[in-house]
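# A structural walkthrough
Below, each chain spelled out in residue letters.
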Amino acid sequence: MNPVNVGLLGLGTVGGGTALVLSRNADEISRRAGSAIHVTHAAGLGIDPANLPAGTENAKITADAWEVVNDPDVAIVVELIGGYSPARELVLKAIENGKHVVTANKALIAKHGNEIFAAAQAKGVMVAFEAAVAGGIPIIKAVREGLAANRIEWIAGIINGTGNFILTEMRDKGRDFADVLAEAQALGYAEADPTFDVEGIDAAHKLTILASIAFGIELQFDACFTEGISKITREDVNYAEELGYRIKHLGVTRRTGNGIELRVHPTLIPHRRLIANVDGVMNAVLVKGDAVGPTLYYGAGAGAEPTASAVVADIIDVARTLTTDPNNRVPHLAFQPDAMSQDLSILPMEEVTTAYYLRMSAADKPGVLADITRILGDAQISIEAFIQKESPVDVPDVPLVILTHKVREAQMNDAIAKIEALSTINGSITRLRVEHLDA
Ligand code: HSE
């Protein structure tokens, strides 16, 4: 078969990794794909012609990405620029030009995927995005194809490597937040704007994609509840440990009788769960299907070659299907485009039911605990565990930590407001959600 020509948009960490893996494993890749795969055109900024990235030596190099999407010899455009724009415009142009697209861009798919897939469907081309979620873990393929027999019940994942790296280093080594973040940036894990990592936006992009392929709903990034990890303190990490939990920045999507939960927030998980022991830059995704039960997928969620592993797998998939009838391909979002669910809405966070960890600073005097437990009791909130520490010398207040049973978020919001209004409570209450993730 004729070789398949690939055009790369972006020669940064992932672009360089993709060119390298394609050239290093060229022989095995062509045996798998049924044809050789060549990078023939690549766009990158500031590339030194005398020092081309490995695997691009025989490619035309340009600083103008439009040259690649308009190159008639390119069959597959691989978008590794990231961000919303100009990635959206470039991908839509590539589709208009009849090219297949592979992208690692979760922001693009989460925000503009509905438009992009409709354009691709109309044109009969593929848009593959395995690398957009959890880096090297083939989670898109697992949910979309491997678990296709199942009614997916819920997914919970550690899907931002930078955030997990920060929480792990803070817990294990007592390092400062800013110091660990700087290291993650130097290692190429962090987003161009690292607030996307620490405030949960990157994880929300990925969770939006997972929810769509799990439940057959349109991509609804704007409906995702997102809370970051920047307010987590060493105290919270230590209290969680004392109670038998680990704090992880989790993306959770769950099918309920009232709608779909779609939420990213720091979460206490029982320390005995496998996923609670996923450390450093590693990602893990727990998927519960009705037939298979719980399944866990683990691997590197960021970095040049792990991400390239997913990008190249997509390129191979596309190369294999170049000659197949577009109507017989795996649908982009797992469900046939005309069979997407229209009646499953995303639940507002106030309607989500979960358990809670509350930490507050209270005056050390009689009746304080009784006031707190009365407010919780009146709101039908049951206490599961409780810690009160001695107050440090010369400090009048004591730290109180309460673990509750499950309750609707709206009820918890009311109770927190009432507790914070007590004259014996100093400052605001730290509230973290708790997930047991049992089958
Ligand atoms: N910034 C992302 C992370 C890169 O840390 O997981 C992979 O999407």
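Predicted model, so just to flag it, every value in this text is computed and none were measured. (Residues numbered from 1 in each chain as written. Predicted model: local features only at pLDDT ≥ 70, side-chain atom pairs only at ≥ 80, totals over all residues. Heavy atoms only, no water.)

### Focus on the overall build of the protein chain
The line we're drawing: Secondary structure elements follow DSSP: runs of H or I no shorter than four residues count as helices, runs of E no shorter than two count as strands, and numbering proceeds from the N terminus. Note on method: radius of gyration uses C-alpha positions; expected globular size equals 2.2 Å times residues raised to 0.38. When a residue's accessible area, from a 1.4 Å probe over protein chains only, is under 20% of the maximum for its type it is buried; when over 50% it is exposed; and in between it is partly exposed. Whether two residues touch is decided by their heavy atoms; if any such pair falls within 4.5 Å, the residues are in contact. For this count, His and the chain ends are skipped, Lys and Arg are scored as positive, and Asp and Glu as negative. To locate a charge, take atom NZ for lysine, CZ for arginine, CG for aspartate or CD for glutamate.
When its secondary structure is counted, the protein chain shows 14 helices and 17 strands. Computed over its C-alpha atoms, the radius of gyration of the protein chain comes to 24 Å, within 12% of the 22 Å expected for a compact globule of 439 residues. Taking the principal axes of the C-alpha coordinates as reference, the protein chain spans close to 80 × 50 × 35 Å. Evaluated residue by residue, the protein chain yields a buried proportion of 56% over its 439 residues. The long-range share in the protein chain, meaning contacts at least 24 apart out of those at least 6 apart in sequence, stands at 74%. Charge centroids of the protein chain, computed over 38 positive and 55 negative side chains, lie 4 Å from each other.

### Notes on the domain arrangement of the protein chain
For clarity, the threshold we go by: Note that the domain bounds reflect an automated or database-derived domain assignment.
Domain annotation of the protein chain identifies domain 1 (4-136 + 305-338), domain 2 (139-299) and domain 3 (350-434). On a C-alpha basis, the centroid separation for the pair domain 1 and domain 3 is 50 Å.

### Brief notes about unusual backbone geometry
Note the cis peptide between serine 85 and proline 86, where omega equals 15°. Examined against the element boundaries, proline 86 turns out to sit in the loop between strand S4 (76-79) and helix H4 (87-96).

### Side note on the site of the ligand
We count it as follows: We define proximity as follows: a residue is near a molecule or strand when any one of its heavy atoms falls within 4 Å of that partner. Two N or O atoms count as a polar contact when they lie within 3.5 Å, although within protein this holds only if one can serve as hydrogen donor and the other as acceptor, and sequence-adjacent residues are included solely when both atoms are side-chain atoms. Residue classes follow a fixed rule: Ala, Val, Leu, Ile, Met, Phe, Trp, Tyr, Cys and Pro count as nonpolar, while Asp, Glu, Lys and Arg count as charged, and any other residue, Gly among them, counts as polar.
Close to the ligand lie Lys106, Asn160, Gly161, Thr162, Tyr189, Ala190, Glu191, Asp197, Asp202, Lys206, Gly301 and Ala302. At 2.7 Å, a backbone N or O of tyrosine 189 approaches a nitrogen atom of the ligand. Between the ligand and the protein, one listed contact pairs a nitrogen atom with a side-chain N or O atom of glutamate 191 at 2.6 Å. Secondary structure elements with two or more residues in the shell around the ligand: helix H7 (161-173) and helix H10 (201-215). Looking at side-chain class alone, the shell around the ligand contains three nonpolar, four polar and five charged residues.

### Focus: a nonpolar patch on the surface
What counts, and what does not: Distance thresholds for patches are 9 Å for like charges and 5 Å for nonpolar side chains (Val, Leu, Ile, Met, Phe, Trp, Tyr), applied to residues having over 30% relative accessible area and no salt bridge. Surface exposure here means Shrake-Rupley accessible area, sampled with a 1.4 Å probe, where a residue is shielded only by the protein chains that are shown. What counts as a salt bridge is simple: a side-chain nitrogen of Lys or Arg found within 4 Å of a carboxyl oxygen of Asp or Glu.
Together, Leu369, Ile383 and Phe386 make up a nonpolar patch on the protein surface, roughly 210 Å² of accessible area in all. Mapped onto the elements of the fold, phenylalanine 386 is located in strand S14 (residues 383-388). Given the relative accessible area of 34%, phenylalanine 386 is considered partly exposed.

### Re the sheet that holds strand S3 (residues 60-62)
Note the following rule: Pairing between strands requires that DSSP locate at least two bridges from one strand to the other.
Reading across the sheet, the six strands line up as S3-S2-S1-S4-S5-S6 and stay open at both edges, with parallel pairing between neighbours. The two strands at the open ends of the sheet, each matched to only one other strand, are S3 and strand S6 (127-128). Here strand S1 (residues 4-9) pairs with S4 via four bridges, running parallel. Residue pairing across strands places glycine 7 opposite valine 77, the latter belonging to S4.

### Some points on the nonpolar core
Defined as follows: We define a nonpolar core as any set of buried Ala, Val, Leu, Ile, Met, Phe, Trp, Tyr and Cys residues linked to one another through side-chain atoms lying within 4.5 Å.
Core analysis: the largest hydrophobic core is formed by 58 residues, its most contacted members being Ile139, Ile209 and Val287. For this core, the secondary structure elements donating two or more residues are helix H3 (65-69), H4, helix H5 (106-123), helix H6 (139-146), strand S7 (152-158), H10, strand S10 (260-270) and strand S11 (282-289). A per-element tally of this core places H10 first, with nine residues. Ignoring anything within four residues of it in the chain, the contact list for isoleucine 209 reads Lys106, Ile109, Ala110, Phe129, Ala132, Val133, Ile140 and Leu219. Among the nonpolar cores identified, the runner-up in size contains 29 residues, and Ala33, Ala128, Ile316 and Val318 belong to it.

### Topic: the side chain of arginine 329
Examined against the element boundaries, arginine 329 turns out to sit in the loop between helix H12 (304-321) and strand S13 (353-363). A distance of 2.9 Å separates a polar side-chain atom of arginine 329 from the backbone oxygen of glycine 124. At a separation of 3.4 Å, a polar atom in the side chain of arginine 329 contacts the main-chain carbonyl oxygen of threonine 321. With residues near it in sequence (within four places) discarded, arginine 329 still touches His100, Gly124, Val125, Met126, Thr321, Leu322 and Thr324.

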